[in-house]
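This is what each chain is made of:
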Amino acid sequence: MAVGISANTSWYLYNFRKNTILAMLAAGNKVFAIAPQDEYSKKLEELGCEFININIDSGGTNPINDLGTLYNFYKIYKNYTIDIVLNFTPKNNIYSTLAARLAGVKSINNIAGLGTLFISESLASKIARVLYKYSQSKADFIFFQNEDDRALFKSHKIAQNVKSDRLPGSGADLSRFIVSPAPDDGVTRFLLIARMLFDKGIGQYVEAARALKSKYGDAVEFRLLGFLDVDNPSAVSKAQMNTWVDEGVVNYLGTSDNVEAEIAQVDCMVLPSYYREGVPKSLLEAGAMGKPIVTTDNVGCRETVDDAYNGFICEPRSTESLTHALDKIVTMSHEQRLVLGNNSRIKIEQEFDEKIVIQKYLLALSSFS
């Protein structure tokens with residue numbers, strides 16, 4: 001088959017869907033990678049894809065720009081012979097699906113979390129909900145990453161007649177992310193990997209870091225890794241990050257294509273998100289590397305932790321609850337943290353192996369061949 005795979009950045013396709021692309025190619029499919037051009041576009045071509053550039057204003061709300069995105073998707077599907085497209089990220093789920101239906105191309109969508117779409121009552125969110133409701137009814141198949149989102153679609157009567165299934169998030173590549181114990185040197189290191197958004201609990205993380213640095217001094221360290229100044233109302237600014245770093249509360253590591261090297265150095269992965277997640281990739285990868293996880297009792301996040309077995313669940317938006325959970329990690333012995341981390345690896349192996357995700361995609365594709 002000729003398969004399109006679309007997202008709002010080439011970075012996303014390469015970093016999150018590389019193995020899915022390789023599996024589709026190995027199965028004899030021709031693969032078109034459809035995304036805005038960036039430094040990862042060439043890497044997609046090196047995998048064996050044909051790359052197609054499209055402009056997407058991923059965080060914008062300008063209707064003229066979005067109509068342009070819809071038209072550009074339609075032109076792609078009319079000008080290229082594509083049988084079916086796999087869509088990832090919100091605007092692709094909407095506009096690629098609509099364009100594909102108009103052009104006679106089938107679409108399989110991935111609902112990887114709904115962010116603030118069904119929380120915010122802003123005009124933009126209300127319009128987006130209408131677009132989601134209309135567009136998802138035009139999809140041929142929908143994958144959800146958690147049952148909460150699937151239930152939400154049902155309660156809002158979205159895509160009721162479209163076949164669907166649940167995936168274990170994006171899965172973790174268990175051959176790439178291997179157990180890597182942190183050094184036992186008397187310092188407890190925490191890491192948060194995400195886009196730097198306040199909705200991801202960055203503010204609570206910094207406040208907890210401040211409290212625990214005051215209590216333990218240099219015996220604790222708090223790191224942040226991920227895109228800064230992103231196009232999002234909840235974005236942490238560069239100036240704000242610099243203030244925290246200058247204060248000595250956190251270390252900002254920028255971005256990395258080798259996240260396993262950063263995860264290996266730390267004792268615990270943290271994500272105090274209150275954003276509607278799918279299943280956070282950073283938690284799956286950290287769990288695969290044998291790290292305890294502290295995250296919130298929140299959609300998508302809670303799936304990754306069995307409380308007190310491989311980490312701790314805290315309350316969303318609560319600095320106090322997060323600080324208490326992180327303090328438990330600090331006061332543990334190195335050996336106790338390794339036990340939690342080993343349990344994380346077991347959980348990821350049993351529930352979140354990327355091979356499960358890839359096999360489901362291949363089965364979905366074969367059902368349309």
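Residues numbered from 1 in each chain as written. Predicted model: local features only at pLDDT ≥ 70, side-chain atom pairs only at ≥ 80, totals over all residues. Heavy atoms only, no water.

S.K.: Run through the pairing of strand β9 (residues 220–225), naming residues and quoting values.
M.R.: Taken across its six residues, β9 has six buried, putting it largely inside the fold. Bridge count for strand β8 (residues 188–193) against β9 is six bridges, and the pairing is parallel. Paired with T188 across the two strands is V220, which belongs to β9. Regarding topology, helix α7 (residues 202–216) serves as the crossover connection from β8 to the parallel β9, and that connection is right-handed. Judged from the two bridges that link them, β9 and strand β10 (residues 251–252) form a sheet pairing that is parallel. In the strand pairing of β10, R223 is matched with N251. In this fold, β9 hands off to helix α8 (residues 238–247), which returns the chain to β10; that crossover is right-handed. (Buried < 20%, exposed > 50% of the residue type's maximum accessible area, 1.4 Å probe, protein only. Helix = DSSP H or I, 4+ residues; strand = E, 2+ residues; numbered from the N terminus. Pairing = 2+ DSSP bridges. Right-handed = clockwise from strand over helix to strand, strands pointing away.)

S.K.: Which residues make up unusual backbone geometry, and what values go with them?
M.R.: Although it is not a glycine, A308 sits at a positive phi angle of roughly 75 degrees. On the secondary structure map, A308 appears in the loop between β12 (293–296) and β13 (311–314). Backbone geometry at R317 places phi at a positive 70 degrees, although glycine is not the residue there. In this fold, R317 is placed in the loop between β13 and α11 (319–331). Since its relative accessible area comes to 55%, R317 is described here as exposed.

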